[in-house]
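# Structural characterization, general
What follows is the residue order along each chain.
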Amino acid sequence: MTGSSDYTPPKIWTWNKANGGAFANINRPIAGPTHDKELPVGRHPLQLYSLGTPNGVKVTILLEELLARGHKGAEYDAWLIEIGKGDQFGSGFVDVNPNSKIPALLDRSGAEPIRVFESGSILFYLAEKFGEFLPKDAAARAECMSWLFWQMGSAPYLGGGFGHFYAYAPTKIEYAIDRFAMEVKRQLDVLDRRLAQVEYLAGSDYTIADMAVWPWYGGLARGWQYGAAEFLQVEDYKNVQRWAEAIFLRPAVQRGRMVNRTSGEPASQLRERHDASDFETKTQDKLEAAG
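Conventions we followed
Residues numbered from 1 in each chain as written. Predicted model: local features only at pLDDT ≥ 70, side-chain atom pairs only at ≥ 80, totals over all residues. Heavy atoms only, no water. Axes fitted to C-alpha atoms, helices over the stretch in contact; angles between N-to-C directions. Helix = DSSP H or I, 4+ residues; strand = E, 2+ residues; numbered from the N terminus. Parallel < 35°, antiparallel > 145°, perpendicular 65-115°, else oblique. Left-handed = near helix turned anticlockwise from the far one by under 90°. Contact = heavy atoms within 4.5 Å. Buried < 20%, exposed > 50% of the residue type's maximum accessible area, 1.4 Å probe, protein only.

### A closer look at the packing of helix α1 (residues 54–68) against helix α9 (residues 251–258)
- Direction vectors running N to C along α1 and α9 enclose 135°, while the axes themselves pass 8 Å from each other. The angle between the axes of α1 and α9 places the two elements in the oblique class. Here α1 and α9 pass one another in a crossing that is right-handed. Every residue of α9 that contacts α1 at Val 57, Thr 60, Ile 61, Glu 64, Glu 65 and Ala 68 is listed here: Ala 252, Val 253, Arg 255, Gly 256 and Arg 257.

### Section: unusual backbone geometry
- With omega at 0°, the peptide bond leading from Ile 102 into Pro 103 counts as cis.
- By secondary structure assignment, the location of Pro 103 is in the loop between α2 (91–96) and β3 (104–107).
- We note that Ser 100 has phi near 55°; this positive angle belongs to a residue other than glycine.
- Tracing the sequence through the fold places Ser 100 in the loop between α2 and β3.
- A residue is classified by how much of its surface remains accessible, and Ser 100, at 7% relative accessible area, is buried.
- Phi angles above zero are rare outside glycine, and Gln 233 is one such case at about 55°.
- A residue is classified by how much of its surface remains accessible, and Gln 233, at 44% relative accessible area, is partly exposed.

Written as structure tokens, this is what we have:
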């Protein structure tokens, strides 16, 4: 391997805002709000504040799947949080998620609003609330939860690790890319071996485990993540490919992928979702055509 560095870490780290990178303008080593901004509230029981990243898509997929199963209480307003502009540091958002990360959920169906943050926590909360996509059998439930938490622990190596150094870092560092590419391929192999044995991650049933893992690793398998499909040879993972395609074809998944999306074809972007009819009338192509 080539490459060397003259950098020696100082005894005490200090924040250098000019260190570059795609997210240098919003990254900071402290928490809390940077400005006062209240969150909007719509008419539905569930208020989602999010962006169409893999973590955000997990929740909109589940909400659309719940609605497809007839759960009217799962109606929701999805408000756009533009993290590149620092919306996640507004005072209202920080009140819902002190970690300033999307997605964040307010359940206003009861006497007092309940805040839920972290995507895995939101999936578990909604699955329990509606009694769907979370097995009742103890063994199957444990398997589901194991894969749900597998995703929580694994995806940072894919996103903040591999994705950052491969696609976003201001310089290409061979050691960093090799380190995280090796780990991502190991993770793909973990999934491929599991999916050689079962239809879905928890077994024969589609669950919140699949909804958590699919936006990250299904998206990687389908070539959507970081332009890295060829680099990582994702086509070699045949069982992951089969699973990724099956989930992609679900109508609720296709709707969920559109919500809070700000990139790609305008017809695929529903930047805010306040009614089921918005998928037909308020996608970005229609809004742009209407002027």
